[in-house]
Amino acid sequence: MRFTILVAACLLFFQITKAQKIKNDAKETVAFDNYIKQVLPRWQTPGISIAVVKDGKIVFKKAYGLRELGKPQPYTTATLSACASTTKAMTATCMGMLVDEGKVKWSDKVADILPAFKLASPCSSSEITILDLFTHNAGLGNADLLWVSGYSREEILQRMQLMEPAYSLRSSFIYQNLMYIVAGEVIHTLSGKTWDEFVTEKIFKELGMNNTYADHSALTANMDITTSHYKDKDSVKAIPYLYTDNIGAAGGVWSCADDMAKWLLCMLDSSKVNGKRLLQPATYAAIFKPQVIAPETMYSTMEVIKPHWFTYGLGWFQHDYKGKMIQFHTGSLAGLTAIAGLVPTDHLGIYIFGNLDHAELRHALMYKAFDLWAFNDNGNDWSSTFYALYKSMGDTAKKNEINALAKRILNTHPSLPLTAYTGKFSNKKLASLEITLKDSTLTIQMPGNIRIELQHWHYDVFRGKYSRWWFGNAWVQFLPDKEGKIDALLIDNTEYSKINR
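Residues numbered from 1 in each chain as written. Predicted model: local features only at pLDDT ≥ 70, side-chain atom pairs only at ≥ 80, totals over all residues. Heavy atoms only, no water.

1. Description of the overall build of the chain
Quick reminder of the rule: To qualify as a helix, a DSSP run of H or I must reach at least 4 residues; to qualify as a strand, a run of E must reach at least 2; elements of each kind are numbered from the N terminus. The globule rule used here is 2.2 Å times the number of residues to the 0.38 power, and the radius of gyration it is set against is calculated over C-alpha atoms. When a residue's accessible area, from a 1.4 Å probe over protein chains only, is under 20% of the maximum for its type it is buried; when over 50% it is exposed; and in between it is partly exposed. Any two residues having at least one pair of non-hydrogen atoms within 4.5 Å are treated as being in contact. Using the Shrake-Rupley algorithm and a 1.4 Å probe, accessible areas are obtained, with residue cover drawn only from the displayed protein chains. When charges are counted, Lys and Arg contribute as positive and Asp and Glu as negative, whereas His and the chain ends are disregarded. Lysine's charge is taken at NZ, arginine's at CZ, aspartate's at CG and glutamate's at CD.
From N to C terminus, the chain includes 13 helices and 22 strands. Taken against the 2.2 N^0.38 rule, which gives 23 Å for 501 residues, the C-alpha radius of gyration of the chain at 25 Å falls within 12% of a compact globule. In terms of principal-axis extent, the alpha carbons of the chain reach across some 110 × 50 × 45 Å. Sorting the 501 residues of the chain into buried and exposed places 51% on the buried side. In the chain, the share of contacts with a sequence separation of at least 24, taken over all contacts with a separation of at least 6, comes to 62%. Accessible area for the chain stands at about 22,600 Å²; split by element, carbon and sulfur atoms hold 54% of it. Treating the 54 positive side-chain charges of the chain as one cloud and the 48 negative ones as another, the clouds have centres 4 Å apart.

Right under this line is the structure:
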């Protein structure tokens, strides 16, 4: 009799606890949904999709807004968008699989595996390890113009040979994409599969991410794909997606909230899927282990969060938040945004896609989700806080631009006839360009079909307007030699020398 009563009491307790859990989940879901609807208009983001996972389940998955501003197609949880740099965590996982297979060690030298990998410094070239490819401290500066210009992955490796280190190996941190592109080529060499093939077979297929693609070229016009958007002053405009697939392992994946929920669940469950691991425990731990100290200036949001420490693992940033470790990474590419965030101790993860360039609503919603599901806290209005932060930064930038424009010296003219400014110029590390003259206007033609139309500013300084308006403007200064002939030019302080003067 007592046993029967005890069993009945246990069942009742279980049912009450389960009901309370469902009620709590509903409370958090409603609060999050209401918050998103409230703050979305302020940020002017046309569309977003979000997935939140907790304790092995999807607890929130929803999309808001439009795929393209002014058109009726809704943004859905199946809408494809750029994972951008959140791809880096997938590439680190791919390399981890090869580590587990015994094909490579994190301490192996890259040059021993990939002889084509060289920098201008023989010492750096010979000492960079596989681990260094993932931690942004291998000495290489930011050279994104290489992939923006449309060079293939092989050409990027060739041009990297001309790049002097920006700092000594492992002595600093400069976030950049090229080393992840190199990691993709290492994966190709070791596995016999391109990075695109490897990540598709080993991650997407294993996790059932059937609406995820390693590169943009795999997408077709009839798919549910978002459009990129940029702000033009106070209005939002759609822009075309123009980039090639050369960025690959650094940021090439396209996916949707439906599929990224599966990725989060896998990563929060020690990389388990269908009863087996993608990574062995030690390798999984290495992915999320803080490897290097990173500068908090990477993210302006850290001015508000004020973490005690800020680090980088293998494809993940880390910092403390309310006493718990956060793993996260953003992605921004051609008017599209993404963010992935994890609270591993709470088995909590969130992924957000958006289709407005650098709309930092993503940060606000990530921390809001952390508050709701990890801390039972609905008191912080992160949207208002971060919006005020970025508005202040934008206002400061506008003031600085006004001050710079006010320094223009009027009634000057170029020192030479405009024909003297034409010709071919080269930066052997980055790209070559050609300047032509038509109808009294100088135009710079760069690789990747990038054009800059010049307007005289003062003396031998010109103000350049990009044909892709969302690139903004450039300062272009022509430099004469001792004979007064044009010898070189600076485009926003990057120097190009004249060819065949």
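2. Regarding unusual backbone geometry
The backbone of Asp55 shows a phi angle near 50 degrees, a positive value even though the residue is not glycine. Tracing the sequence through the fold places Asp55 in the loop between strand 1 (47-54) and strand 2 (57-65). You can call Asp55 partly exposed: its relative accessible area is 41%.

3. So, the nonpolar core
Cut-off, in case you're wondering: The nonpolar core is taken to be a set of buried Ala, Val, Leu, Ile, Met, Phe, Trp, Tyr and Cys residues, with the residues joined through side-chain atoms within 4.5 Å.
Residues Phe32 and Ile50 are the most contacted members of the largest nonpolar core, which totals 155 residues. Not counting residues up to four positions away in its chain, the partners in contact with Phe32 are Ile50, Val52, Phe60, Ile350, Leu365, Lys368, Ala369, Leu372 and Trp373.

4. So, the sheet that holds strand 20 (residues 473-480)
Stated formally: Paired strands, as defined in this entry, are two strands with at least two bridges between them according to DSSP. With axes taken as lines fitted to C-alpha atoms, and helix axes fitted only over the stretch in contact, angles between N-to-C directions fall between 0 and 180 degrees.
Reading around the barrel, the eight strands line up as 15-16-17-18-19-20-21-22 and close back on themselves, with antiparallel pairing between neighbours. Pairs of neighbouring strands in the sheet enclose a mean axial angle of 30 degrees, with direction left out of account. Examined bridge by bridge, strand 18 (residues 450-458) and strand 19 (residues 461-466) share six bridges and lie antiparallel to one another. Bridging from a neighbouring strand, Glu453 pairs with Lys465 of strand 19.

5. A few points about the side chain of Asp132
Summarising the element assignment, Asp132 is placed in the loop between helix 4 (122-127) and helix 5 (145-148). Look past the residues within four positions of Asp132 in its chain and what remains in contact with it is Glu127, Asn137, Ala138, Leu169 and Arg170.

6. Quick word on helix 7 (residues 178-191)
What counts, and what does not: Given the number of residues in a helix, its expected span is that number minus one, multiplied by 1.5 Å.
Compared with the 20 Å implied by 1.5 Å per residue over 14 residues, the 20 Å span of helix 7 between its first and last C-alpha is a close match. Burial of helix 7 is extensive: twelve of the 14 residues sit out of reach of the surface. Here helix 7 has its buried residues at Leu178, Met179, Tyr180, Ile181, Val182, Ala183, Gly184, Glu185, Val186, Ile187, Leu190 and Ser191. Within two residues after helix 7, Gly192 carries a phi angle of roughly 80 degrees, on the positive side.

7. Some thoughts on the confidence of the model for the chain
The predicted coordinates of low-pLDDT regions are not to be read in fine detail. Here is the rule we go by: For every residue, the pLDDT score states the predictor's confidence, bounded by 0 at the bottom and 100 at the top.
For the chain, the mean per-residue pLDDT works out to 92, and 95% of the residues sit at or above 70. Low pLDDT, under 50, characterises residues 1-22; the stretch is placed with one contact to residues that sit more than four places away or in other chains.

8. Re the packing of aromatic side chains
Going by this rule: What counts as a ring pair is set by centres within 6.5 Å for rings of Phe, Tyr and Trp (its six-membered ring), and what kind of pair is set by the plane angle: stacked under 30 degrees, edge-to-face over 60, tilted for all other angles. Charges are assigned to positions over rings by a cutoff of 6 Å between ring centre and Lys NZ or Arg CZ, combined with an angular limit of 35 degrees from the ring normal.
One pass over the full model with this rule turns up 34 aromatic pairs. Ring centres 4.6 Å apart and planes at 85 degrees place the aromatic pair Tyr312 and Phe317 in the edge-to-face group. Geometrically, the ring pair formed by Tyr367 and Trp382 is tilted, given 5.9 Å between the ring centres and 50 degrees between the ring planes. Taken as a pair, Tyr367 in helix 12 (residues 361-375) and Trp382 in helix 13 (residues 382-406) lie far apart in primary sequence, 15 residues in all. Classification of Tyr367 by relative accessible area gives buried; the value is 0%. Grouped by ring-pair contacts, the aromatic residues Phe173, Tyr175, Tyr299, Phe310, Tyr312, Phe317 and Phe328 constitute a single cluster. For the cation-ring pair, Lys324 lies above Phe375, with the distance from its terminal atom to the ring centre recorded as 4.9 Å. Over the face of the ring belonging to Tyr35 we find Lys368, whose NZ or CZ atom lies 4.5 Å from the ring centre.

9. Focus: the packing of helix 2 (residues 87-100) against helix 7
Spelled out, the test is: Under this scheme an angle from 65 to 115 degrees is roughly perpendicular, one under 35 degrees roughly parallel, and one over 145 degrees roughly antiparallel; angles in between are oblique. Definitions for this section: a left-handed crossing has its near helix turned counterclockwise from the far helix by less than a right angle. A right-handed crossing has that turn clockwise.
Two numbers describe how helix 2 lies on helix 7: the axes approach to 10 Å, and their chain directions differ by 30 degrees. When the axes of helix 2 and helix 7 are compared, the pair comes out roughly parallel. In terms of crossing hand, the pair formed by helix 2 and helix 7 is left-handed. Two secondary-structure elements touch here, helix 2 through Lys88, Thr91, Cys94, Met95 and Leu98 and helix 7 through Tyr180, Ala183, Val186, Ile187, Leu190 and Ser191.

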